[in-house]
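Secondary and tertiary structure notes
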Amino acid sequence: MTARLGMHTLTGDRGLLFGGDYNPEQWPEEVWAEDAELMNAAGINLVTVGVFSWARLEPEPGARDFGWLDRVMDLMAGAGIAVDLATPTASPPPWLGHRWPATLPVDESGHRLWYGSRNQFCPSSPLYRERALAIVTDLADRYAGHPALALWHIGNEYGQFCHCDDSAAAFRAWLHGRYGDLDTLNEAWGTTFWSQRYSDWTEVITPRRAPYIINPTQQLDWQRFCSDALLACFRAERDVLRERTPDVPITTNFMGLFKPVDSWAWAAEEDIVSNDWYPEPGDPLSPARTALAHDLMRGLGQGRPWLLMEQSTSAVNWRPHNLPKPPGQLRLESLQALARGADGLCYFQWRASRFGAERFHAAMVPHAGPDTRLHAEVRAHGQELRKLASVAGQPVPARVAMVFDWTSWWALEERGRPSDRLNAADQLLAYYVPLWERGVSVDLVPPDADLSAYALVVVPNLFLVSDRDAAALTAYARGGGVLVVGPFSGVVDPNAHIRTGRFPAPLRAVLGASGEEWQPVAGEVRCRWAGGGEFTAHTWTELMTAEGAETVAEFSGGGPAVLRHRAGDGVAWYVATMPEPAALGEITARALADAGVRGALPDLPPGVEAVRRGEVLFLLNHGPEPASVPIPDAAEDLLTGAAAEGLVTLAPRAVAVLRPHG
Ligand SMILES: [Zn+2]
């Protein structure tokens, strides 16, 4: 295989990428020439075309209408704008579902979901797959070698599932591959409970709606299968494209921490990781949540640059109440992605739609036209990115890793556990925030990652853990690493069976502590630091005993709440509750001290994000007030060309991109 395709394939000649989804089929062709002119004026160099064009490309079964797309591709080539060409398979035309209803998905109640919206396909339908591959093959044959074609965009926001008979058959085949025989499946699913023993493969079904709680291992395997079934759809399209255009990289757009697809497994199958991300303007945690999503994308690409495929210039339309972005917010959020490893900053979408379900979604060219405040900001941002071209390809070095696992997420959040209030994504964010506030860069990693390069590894929750991964975490700490483990970790094995004995059984030795009861609480509990002072925790406590670990904090009613253990050459922390943010910040600060890790800058003002990418330091003020940030070295602000020294003052929503002098 030749050198791996990646963002460098696109940015090598173009620098940072800037653009958006371009849906010219929604507009008369007279508008297209103006589009190209406006795009050039805004510095746009990448557009995503054709995501929802199946009905236009194949107006009736087997027909092909590529003429309009030929003209779009030629127009973009003439304007010097690269095309991220989408396979149109996320939304089949009505004729597919009308003629062949078996291609339509079925929900857990057995109800078929119809066309009239989007995403209406069954991932396991042989006919859907056949028709999808046919249009993808013709698309690839037609545009292979076209000068505008720079990137393939497969499908869109994969996350479908289906409970039809085809899916049930595919689920059984998947289970057969996993377990080999029915006795092994019965054992893994624990079917002696509630008289669920299967006597024949044909009895095994998807977890359809049932009178009461569904078998947790059946449910877990179903989630594994759904991710794999969609991945098989993706792979089939990818293989068609790769065969015909081996030099064109391939991506599909993730949606941050999105539960239905195991993004670790998916990212390994694509050339470029890309993400759709829409921060909630009313959520005070949005800047940290967004940073976490960006770090996840960088982690999915194992540190390589990624592409922000979709963001909004202002309001979205799909929340109940949609706040616009104030002036400067568009730029702030886009540069935040750049700071955290994105080499391309794109939007949904170029021109605001007049019709359809997203007609109130903001765009790069609003309904009011290009002579507007919003479009002026878009244009200024695109032009400004040229000053930051040197950032492309630069790494975001991190000495801290956070472990996150989709399988454990699925297993944790099933019904029938001690508390529904302990959730994997919330725990991840809770442990991420104090690192973000301190300007500490974090890599998101899967539980089987090589941890040897990290000084600190944080495991906010790992409810399901394999023996091998638990042993690796143990070896990491014993070998000199600093390990922080959050509550309700190490509870079940890969079959979601409880690990018996004192918990967390596979991590007990390295943590130097163990527990015997999970004890959720109605509200808050008080805790005392061993060195004096108190804090509150909430929702969750565990009845723990120290077995060599020191008790850093205890519950006011007695028993360790936070433990720290010298394990071999390293240190292992265990947090047996959900501390208030300030207390989790204190635990984080102590673990960082154990690891000898410092943030990008000391004493960051609240709301200011600091992150280093390559030699450049990004400072982003997410707060409502001006902020002054002391910087250690004289620098040049790449955005303004001005010299910076001593104290950098940032207005609300302002950004500085500082390159040290000399
Ligand atoms: Zn189906």
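Residues numbered from 1 in each chain as written. Predicted model: local features only at pLDDT ≥ 70, side-chain atom pairs only at ≥ 80, totals over all residues. Heavy atoms only, no water.

Some details on the overall build of the chain
- Counting its regular elements, the chain contains 18 helices and 28 strands.
- Taking 26 Å as the expected radius of gyration for a compact globule of 662 residues, we find that the chain reaches 26 Å, a close match to that expectation.
- Seen along its three principal axes, the alpha-carbon backbone of the chain occupies a region of about 75 × 75 × 50 Å.
- The buried share of the chain, reckoned over its 662 residues, is 59%.
- If you sum the accessible surface of the chain, you get close to 25,600 Å²; carbon and sulfur atoms cover 52% of it.
- Separation between the mean location of the 56 positive side-chain charges and that of the 80 negative ones in the chain comes to 1 Å. (Helix = DSSP H or I, 4+ residues; strand = E, 2+ residues; numbered from the N terminus. Rg over C-alpha atoms; globule rule 2.2 N^0.38 Å. Buried < 20%, exposed > 50% of the residue type's maximum accessible area, 1.4 Å probe, protein only. Areas by Shrake-Rupley, 256 points an atom, 1.4 Å probe, with all protein chains shown as cover. Lys, Arg positive; Asp, Glu negative; His and termini not counted. Charge placed at Lys NZ, Arg CZ, Asp CG, Glu CD.)

Some thoughts on the sheet that holds strand β7 (residues 274-276)
- Here nine strands make up an open sheet; going across it, the order is β5-β4-β3-β2-β1-β9-β8-β7-β6 and the pairing parallel. At either end of the open sheet lies a strand with only one pairing partner, and these are β5 (250-251) and β6 (253-254).
- Bridge count between strand β2 (residues 46-49) and strand β3 (residues 82-86): four bridges; the pairing is parallel. Within β3, the position partnered with V49 by the bridge is L85. (Pairing = 2+ DSSP bridges.)

Notes on the coordination of the zinc ion
- Bound to the zinc ion on the protein side are C122 (SG), C162 (SG) and C164 (SG), at distances that span 2.1 Å.
- Expressed as a motif, the donor residue spacing for the zinc ion is C-x39-C-x1-C. Like C162, the residue C164 is buried in the burial classification. (Donors = N, O, S within 2.8 Å, 3.2 Å for Na, K, Ca; no water.)

Some remarks on the nonpolar core
- L69, M76, L85 and L388 are the most contacted members of the largest nonpolar core, which totals 145 residues.
- Looking at which element gives the most residues to this core, the answer is helix α15 (residues 424-437), with eight residues.
- Not counting residues up to four positions away in its chain, the partners in contact with M76 are Y22, A36, M39, V47, I81, V83 and A148.
- V459, F503, L507 and A567 belong to the second largest nonpolar core, which has 27 residues in total. (Core = buried A, V, L, I, M, F, W, Y, C linked by side-chain atoms within 4.5 Å. Contact = heavy atoms within 4.5 Å.)

A short note on the domain arrangement of the chain
- Per the domain assignment, the segments making up the chain are domain 1 (1-15 + 274-391), domain 2 (87-272), domain 3 (400-595) and domain 4 (608-660).
- On a C-alpha basis, the centroid separation for the pair domain 2 and domain 4 is 45 Å. (Domains from an automatic or database assignment.)

So, the UniProt feature "binding site: Zn(2+)" (unreviewed entry) in the chain
- UniProt annotation of "binding site: Zn(2+)" (unreviewed entry) refers to C122, C162 and C164 when read in the numbering used here. Considering the C-alpha atoms alone, the annotated residues occupy 43 residues of sequence yet fold into one spot, their largest mutual distance being 8.1 Å.
- Structurally, C122 can be placed in the loop between α5 (94-99) and α6 (126-143).
- Apart from residues lying up to four places away in sequence, C122 is in contact with A102, T103, L104, P105, Y128, C162, C164 and S167.
- Relative to the helices and strands, C164 resides in the loop between β4 (149-153) and α7 (165-179).
- Beyond its immediate stretch of four places on either side in the chain, C164 contacts V106, C122 and R208. (UniProt positions renumbered as here; feature names shortened; annotations may be inferred.)

A short note on the sheet that holds strand β21 (residues 578-579)
- Spatially, the ten strands line up as an open sheet ordered β11-β10-β12-β13-β20-β19-β18-β15-β16-β21, and their pairing is mixed. Each having just a single partner strand, β11 (442-445) and β21 make up the two edges of the open sheet.
- As paired elements, strand β12 (residues 456-459) and strand β13 (residues 482-485) share four bridges and run parallel to each other. By the bridge assignment for β13, V458 is matched with V484.
- Taken strand by strand, helix α18 (residues 581-595) contacts β10 (400-403), β12, β13, β15 (524-529), β16 (534-538), β18 (550-555), β19 (560-567), β20 (570-575) and β21, and its axis lies near 170° from that of β20. (Axes fitted to C-alpha atoms, helices over the stretch in contact; angles between N-to-C directions.)

So, the pattern of salt bridges
- Taken as a whole and assessed by the stated rule, the structure comprises 40 salt bridges.
- A salt bridge links R235 to E269; the nearest nitrogen and oxygen atoms lie 3.1 Å apart. With R235 in helix α9 (residues 216-244) and E269 in the loop between α10 (263-267) and β7, this pair connects stretches of sequence that are 34 residues apart.
- Here D295 makes a salt bridge to R298, at a shortest N to O gap of 2.8 Å. With a gap of three residues between them, D295 and R298 both fall in helix α11 (residues 286-300), about one helical turn apart.
- For R298, a relative accessible area of 2% puts it in the buried group.
- By sharing partners, the salt bridges in this structure join D295, R298, R340, D443 and E609 into a single network. (Salt bridge = Lys/Arg side-chain N within 4 Å of Asp/Glu carboxyl O.)

Brief notes about the UniProt feature "domain: Glycoside hydrolase family 42 N-terminal" (unreviewed entry) in the chain
- The UniProt entry lists residues 21-388 under the feature "domain: Glycoside hydrolase family 42 N-terminal" (unreviewed entry), expressed in the numbering used here.
- Summarising residues 21-388: 40% helix, 9% strand, and an end-to-end C-alpha distance of 23 Å.

Observations concerning the environment of V611
- Residue position: V611 is located in strand β22 (residues 608-613).
- Residues V611 and E580 lie 31 residues apart in sequence; the distance between their C-alpha atoms is 25 Å.
- Ignoring any residue separated from it by four or fewer positions in sequence, one finds V611 in contact with A339, R340, V396, S441, V616, L617, F618 and L620.

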